[in-house]
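Structure assessment
Here is how the chains run, residue by residue.
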Amino acid sequence: MSARAANASRADIVRALRTGRSDSRIARDLGCDRHRVTDIRKSLGLPKVPQQPLTLEDKWAANTRPLPGGHLEWTGERVGRSRTPVLRYRDASYSPAALAFRIQHAREPQGYVIAECGVRQCIAPGCVEDEPGRQQLREQIRLLLGGPERKAHCVHGHDLAEHGRYSPDGRTAYCEACKAEQKRAVRASAA
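In this report, the structure presented in the accompanying data block is examined. Values in this document were obtained by computation on a predicted structure and should not be read as measured data. (Residues numbered from 1 in each chain as written. Predicted model: local features only at pLDDT ≥ 70, side-chain atom pairs only at ≥ 80, totals over all residues. Heavy atoms only, no water.)

1. A short note on helix H5 (residues 96–105)
Each turn of an α-helix holds 3.6 residues, which means side chains three or four residues apart point in the same direction. To be explicit about the condition: Here the term buried applies to any residue with accessible area under 20% of the maximum for its type, exposed to any over 50%, and partly exposed to those in between, with areas from a 1.4 Å probe on protein chains only. What counts as a helix is a DSSP run of H or I of at least four residues, what counts as a strand is a run of E of at least two, and both are numbered from the N terminus. In what follows, residue pairs with any heavy atoms lying within 4.5 Å of each other are defined as contacts.
Among all positions of H5, only Pro-96, Ala-97, Leu-99, Ala-100 and Phe-101 are buried. Where H5 is buried, its residues meet helix H4 (56–62), strand E2 (71–74), strand E4 (84–85), strand E5 (87–89), strand E6 (92–94) and strand E8 (128–129). Looking one or two residues beyond H5, the residue adopting positive phi is Ala-106, at roughly 55°.

2. So, the nonpolar core
Note the threshold: Residues grouped as a nonpolar core are buried Ala, Val, Leu, Ile, Met, Phe, Trp, Tyr and Cys residues, joined through side-chain atoms within 4.5 Å.
In terms of nonpolar packing, the biggest core is built from 17 residues, with Trp-60, Leu-87, Ile-123 and Val-128 touching the most fellow members. Elements supplying a minimum of two residues to this core: H4, E2, E5 and H5. With 4 residues, the top contributor of residues to this core is H5. If we ignore the near neighbours within four places in the chain, the residues touching Ile-123 are Trp-60, Thr-64, Leu-72, Glu-73, Trp-74, Pro-96, Ala-97, Ala-100 and Val-128. Core analysis: the next-biggest nonpolar cluster, separate from the first, contains 11 residues, Leu-17, Ile-26, Cys-32 and Val-37 among them.

3. Comments concerning the pairing of strand E1 (residues 64–67)
Cut-off, in case you're wondering: Pairing between two strands requires that DSSP report at least two bridges joining them.
Here E1 pairs with E2 via 4 bridges, running antiparallel. Bridging across to E2, Thr-64 finds its partner in Trp-74. Counted along the chain from E1 to the antiparallel partner E2, the turn is 3 residues long, and its residue Gly-69 has a positive phi close to 85°.

4. Remarks on helix H1 (residues 10–17)
Stated formally: Arc definition: it is the arc formed by the directions from the helix axis to the C-beta atoms.
All of the buried residues in H1 are Ile-13, Val-14, Ala-16 and Leu-17. Take H1 and look down its axis: the buried residues cluster within an arc of 160°, on one side only.

5. Describing the packing of H1 against helix H3 (residues 34–44)
Here is the rule we go by: A fitted line through C-alpha atoms serves as each axis, taken over the contacting stretch for helices, and the angle formed by two N-to-C directions is quoted from 0 to 180°. Any angle that is under 35 degrees is reported as roughly parallel, and any over 145 degrees as roughly antiparallel; angles of 65 to 115 degrees are reported as roughly perpendicular and all others as oblique. Polar here means any residue outside two lists: the nonpolar Ala, Val, Leu, Ile, Met, Phe, Trp, Tyr, Cys and Pro, and the charged Asp, Glu, Lys and Arg; Gly therefore counts as polar.
Where H1 meets H3, the axes come as close as 10 Å, and the angle between the chain directions of the two elements is 70°. The orientation of H1 relative to H3 falls into the category roughly perpendicular. For the pair H1 and H3, contact is made by Arg-10, Ile-13, Val-14 and Leu-17 and by Arg-36, Val-37, Ile-40, Arg-41, Ser-43 and Leu-44, respectively. Here the residues of the contact of H1 with H3 sort into 6 nonpolar, 1 polar and 3 charged.

6. Some points on a positive patch on the surface
We apply this condition: Think of a patch as exposed residues, more than 30% relative accessible area, with no salt bridge, where like charges cluster within 9 Å and nonpolar side chains (Val, Leu, Ile, Met, Phe, Trp, Tyr) cluster within 5 Å. Computed with a 1.4 Å probe, the accessible areas rest on the Shrake-Rupley method; for each residue, only the protein chains presented here act as cover. Here, a salt bridge means any Lys or Arg side-chain nitrogen found within 4 Å of an Asp or Glu carboxyl oxygen. For the purpose of counting charges, residues Lys and Arg are taken to be positive, whereas Asp and Glu are taken to be negative. His and the chain ends are not included. By convention, charge coordinates are those of NZ in Lys, CZ in Arg, CG in Asp, or CD in Glu.
Among the surface-exposed residues, Lys-179, Lys-183, Arg-184 and Arg-187 lie close enough to one another that they form a single positively charged patch. Mapping Arg-187 onto the fold places it in helix H8 (residues 176–190).

7. Concerning the pattern of salt bridges
Applying the stated rule across the entire model yields 14 salt bridges. As a salt-bridge pair, Arg-165 and Glu-131 come within 2.8 Å of each other at their nearest N and O atoms. Here Arg-165, found in strand E9 (residues 164–166), pairs with Glu-131, found in helix H6 (residues 131–144); they are 34 residues apart in sequence, far enough to count as distant. With a relative accessible area of 16%, Arg-165 lands in the buried category. Ionic pairing is found between Arg-171 and Asp-169, a salt bridge with its closest N-O pair at 3.9 Å.

8. A look at the side chain of Gln-135
Within the secondary structure, Gln-135 sits in helix H6. Residue Gln-135 is classed as buried on the basis of its relative accessible area, which comes to 10%. Apart from the residues lying within four places of it in its own chain, the contact partners of Gln-135 are Gly-164, Arg-165 and Tyr-166.

Now the structure itself:
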């Protein structure tokens, strides 16, 4: 996450207002109250920034900030304890990572989209992968490191072509179906 000014000065807000950004964007960027930005705008006699009809991709891009190494940080809304990025557009919610995947691959992702670059919650289109892409990358890493090919079935008979997964470093292969069954058993015994 980026550092934000706790108490932006009037001069900081005036400078930001002169760049043509909206009150909400300035408040978010400077970490100050939106009403304070609006009051300063009014006191300067500056008109409110007209809302532009943005496409979904435009709105996604407007809520990103470049990071070193070609990564992107989400500057828009976050929800929950994990501070998961979310984009609300025309009465719907979208995953910024899934949109980044769609921008990169021109198709909808399958399963969860996660950054494979090691930068937490990076949403750069070149850094994110969907479930099949992620597993293919991890399998390639495993084979490059000299690991054995994945078996056809796990010890409980699950088809590993469907349920097989790899750890991010490719070293550990596991069965997602067995893992889910273990979690259900733990929850059932705790109840």
